Amino acid sequence: QVQLVESGGGLVQAGGSLRLSCAASGSISSINSMYWYRQTPGKQRELVAAITNTGRTNYADSVKDRFTISRGNAKNTLYLQMNSLKPEDTAVYYCGLYMSSTAWRYPAYWGQGTQVTVSS
């Protein structure tokens with residue numbers, strides 16, 4: 001059984017920074033990709049950033065040059081450093097995991113989400 005737990009969300013003013021964390025546990029293949037998605041009410045969940053176990057990254061255009069995805073030294077930990085936050089970044093952020101050598105697949109496992117609110 002795989003479990004993902006996010007932390008680090010909160011309220012921040014526009015222009016500020018937050019760092020999200022995700023800890024994955026359970027039976028996890030060393031070959032995997034991990035993801036940050038976000039969702040606002042009435043909208044579909046959208047990809048924010050992704051990273052493979054080899055360190056390849058992928059970003060949504062809306063967050064390039066502001067957000068950085070990374071993996072920790074501890075196995076299967078994931079981070080999202082968010083700088084220069086904008087009100088439109090307000091959403092519930094979800095951590096996701098897919099266990100495959102094929103990059104950029106829709107996650108099969110999800111965390112419970114963490115709220116990020118950016119005030120103007």
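Residues numbered from 1 in each chain as written. Predicted model: local features only at pLDDT ≥ 70, side-chain atom pairs only at ≥ 80, totals over all residues. Heavy atoms only, no water.

Peer 1: Where do I start with the packing of aromatic side chains in this structure?
Peer 2: Where two aromatic rings form a pair, the distance of their centres and the angle of their planes describe that pair. According to the stated counting rule, one finds five aromatic pairs in the structure shown. Measuring from ring centre to ring centre gives 5.7 Å for Tyr37 and Tyr106, while their planes differ by 80 degrees; the resulting arrangement is edge-to-face. Of this pair, Tyr37 sits in strand β4 (residues 33-39) while Tyr106 sits in the loop between β9 (91-98) and β10 (109-110), and the two are 69 residues apart along the sequence. According to the relative accessible area criterion, Tyr106 is exposed, its value standing at 52%. Here the aromatic rings of Tyr37 and Trp110 are separated by 5.1 Å at their centres, their planes lie at 80 degrees, and the arrangement is edge-to-face. One end of the pair, Tyr37, is in strand β4; the other, Trp110, is in strand β10, and 73 residues separate them in sequence. Residue class for Tyr37 comes out buried when judged on its relative accessible area of 9%. (Phe/Tyr/Trp six-rings, centres within 6.5 Å; stacked < 30°, edge-to-face > 60°. Helix = DSSP H or I, 4+ residues; strand = E, 2+ residues; numbered from the N terminus. Buried < 20%, exposed > 50% of the residue type's maximum accessible area, 1.4 Å probe, protein only.)

Peer 1: Before we go on, may I ask you to explain the nonpolar core in this structure?
Peer 2: Across soluble globular proteins, nonpolar side chains show a tendency to be buried alongside one another. Counting residues in hydrophobic clusters, the biggest one holds 28 residues, and the most contacted among them are Trp36, Leu80, Met82 and Tyr93. Within the residue set of this core, elements represented by two or more residues are β3 (18-25), β4, β5 (46-52), β7 (67-71), β8 (77-82), β9 and β11 (114-119). In this structure, Leu80 is in contact with Leu18, Arg19, Leu20, Trp36, Val48, Ala49, Phe67, Thr68, Ile69 and Tyr93, ignoring residues within four places of it in sequence. (Core = buried A, V, L, I, M, F, W, Y, C linked by side-chain atoms within 4.5 Å. Contact = heavy atoms within 4.5 Å.)

Peer 1: When you look at the pattern of salt bridges in this model, what are you seeing that I'm missing?
Peer 2: Where side chains of opposite charge bring their charged atoms close, a pairing between them can arise. Within the structure shown, the criterion is met by four salt bridges. Note that Glu46 and Arg38 form a salt bridge whose closest N and O atoms lie 2.7 Å from each other. Salt-bridge contacts for Arg38 lead to Asp89; the nearest nitrogen and oxygen are separated by 3.0 Å. A residue pair is termed long-range when its members are at least 10 positions apart, and Arg38 in strand β4 and Asp89 in the loop between β8 and β9 qualify at 51 residues. What you see here is one network of salt bridges that share partners, running through Arg38, Glu46, Arg66 and Asp89. (Salt bridge = Lys/Arg side-chain N within 4 Å of Asp/Glu carboxyl O.)

Peer 1: Quick question: what am I supposed to make of the environment of Phe67 here?
Peer 2: Within the fold, Phe67 resides in strand β7. For Phe67, a relative accessible area of 2% translates into the label buried. Considered as a pair, Phe67 and Met82 are 15 residues apart in the sequence and their alpha carbons are 4.5 Å apart. Setting aside chain neighbours within four positions, we find Phe67 in contact with Arg38, Val48, Tyr59, Leu80, Gln81, Met82, Asn83, Leu85, Asp89 and Tyr93.

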